[in-house]
Amino acid sequence: MFRLLSHIGNYFILLGRTFAPPEKRRIYYRQFIRELNNIGINSLGIVVIISAFMGAVITLQTAYNTENPFLPKYLIGLGCRDSLILEFSSTMVALILAGKVGSNIASELGTMRVTEQIDALEIMGVNSASYLIMPKILAAVVFNPFLTIISIIIGIIGGYLAVIFTHVISPADFIVGIQYAFIPYYIVYALVKTIVFAFLITTISAYQGYTVKGGALEVGVASTRAVVFSSINILLFNVILTQLMLS
Amino acid sequence: MIEVVHLSKNFKNQLVLEDVSCRFERGQTNLIIGQSGSGKTVLLKCIVGLLTPTEGDVVYDDTIFTRANFQEKKKIRRQIGMLFQGGALFDSSTVEENVRYPLDMFTEMTEEEKKERVNYCLKRVNIVNSNHLFPSELSGGMKKRVAIARAIVLNPKYLLCDEPNSGLDPQTAIVIDNLIKEITEEFNTTTIVNTHDMNSVMGIGKKVVFIFNGRKEWEGSNKDIFQSDNQALNQFVFANRLAREFKTPEK
């Protein structure tokens, strides 16, 4: 319990150092652009692939589980759309990014720590936490909402393609379904969740990497812990945000 | 000048440094020597502020570093050039980007001026035509030389080196030692070198501080070292065969 509290305290101390004013905005901006590429653009491929298959599977499962003739067929399209917006494109994609981006951040910072690169920055008089972590947080918080929007679109396209190839319902019914009873607030809910998850993934992973002590083995352990703790916090905050925003 | 005043450092219940006091003058190479695990790296980390001493102070010229506020520490740190054991070069940056980094961060130089300064520093450490290489493409000696170039790019007042010769062949080690000595004299820096290499002691040790079991056991010059009757120092110094032969040359 004491160790947990100590970690939480150190996490917030690190956050305090991370959000100190940047030494030179131009350099930080350059880092931010680099991180947009590393964290955002480089995640596009996996998000597109997963979203397409996710949309297809949701559509097929909904279709095979709703055989009641009194239920209109367009509800399958509606189910696909709302499942993607409410849960899959925000939470599922965040869990996948926790694996990809989280382990990447933890191992990058962990390696910099054990090879004394972070010490070198500190001795130069650079706020290493701010210089290394803040651009990552900003890049994820700015870019992940776009990933979520892309995921929703690709997921719906995946569902549509599944409908075309398997003929579970007519494409026209699916199109009607994805337009039926649309609630714009669901998009706000999905984007708020995405921003919170992006913050959690980057800060928890950065904390795990930045505070590594030891060598290569400990960097690997930190990387695993980054994924595990990010995922647990994503699930926890998913419940909290759902209760706060949808109740 | 850097002065260490009654400095002690504990890790939990383990006393690693005990009441160490010494003074390192400007314009000369000061060596901290001692066996592995004697506490010399901890001392260097306390001097540079990577570790906070349990007791005692570190003074940089007229500023008590250990009691300075964040801004004052930052100001001093910008005058420190540090050479780490492994070089600590940024993996994902080229040689040029590594050396240029402090200039980007702390100066308002133009691109042209930065390029000129980077090339001057790299030439000073005998690195030519390697600006585009990554640290993983460099040999151990080259990495150390690039790290020295990065350390001196802002004309530091203080140059601190942690085991600069570790992992290097004797010939390259001498090159690095001479480079540190030349740079110290040329830039008039207060230089502290942490080492257990007796070749370095004999080559560049204008002032030598010997640390044994966390305590300062002896201090003097490399000329005095062979005349000392300190038992721990003699054990350390004469563990090296060359040093033994230096003291009692065979007839």
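Preceding this section is the structure that the text describes.
Residues numbered from 1 in each chain as written. Chains lettered and ligands numbered in written order. Predicted model: local features only at pLDDT ≥ 70, side-chain atom pairs only at ≥ 80, totals over all residues.

Draft legend 1. Helix α4 (residues 111-124) of chain B, seen in detail. All names here are of chain B. Taking 1.5 Å of rise per residue, 14 residues should cover 20 Å, and α4 covers 20 Å from first to last C-alpha, within 8% of that figure. Regarding α4, the residues found buried are V118, C121 and L122. Buried residues along α4 cover an arc of 100° about the axis, so they all sit on one side. Those residues of α4 that are exposed and angled more than 90 degrees off the buried face are E112, E113, E116 and K123. Among the structural elements, α3 (95-106) and α5 (140-152) are those in contact with the buried residues of α4. Among the residues trailing α4, N126 stands out with phi positive, at a value near 60°. (Helix = DSSP H or I, 4+ residues; strand = E, 2+ residues; numbered from the N terminus. Expected span 1.5 Å × (residues − 1). Buried ≥ 20, exposed ≤ 12 C-beta atoms within 10 Å, placed from the backbone. Arc of directions from axis to C-beta. Contact = placed C-beta atoms within 7 Å.)

Draft legend 2. Main features of the interface of chain B and chain A. Facing 14 residues of chain B, the contacting portion of chain A comprises 13 residues. Going through the elements one at a time, α2 (70-77), β6 (80-83) and α3 of chain B are the ones with two or more residues in the side of chain B that touches chain A. In terms of residues, the side of chain B that touches chain A owes the most to one element, α3(B), which gives three residues. In terms of residue class, the side of chain B that touches chain A is made up of nine nonpolar, one polar and four charged. (Nonpolar A, V, L, I, M, F, W, Y, C, P; charged D, E, K, R; others polar.)

Draft legend 3. Up close: the environment of L17(B). Residue and element names in this part refer to chain B. Here L17 is to be found in strand β2 (residues 14-24). A tally of 27 C-beta atoms within 10 Å means that L17 is categorised as buried. Separated by 29 residues in sequence, L17 and C46 have C-alpha atoms that sit 10 Å apart.

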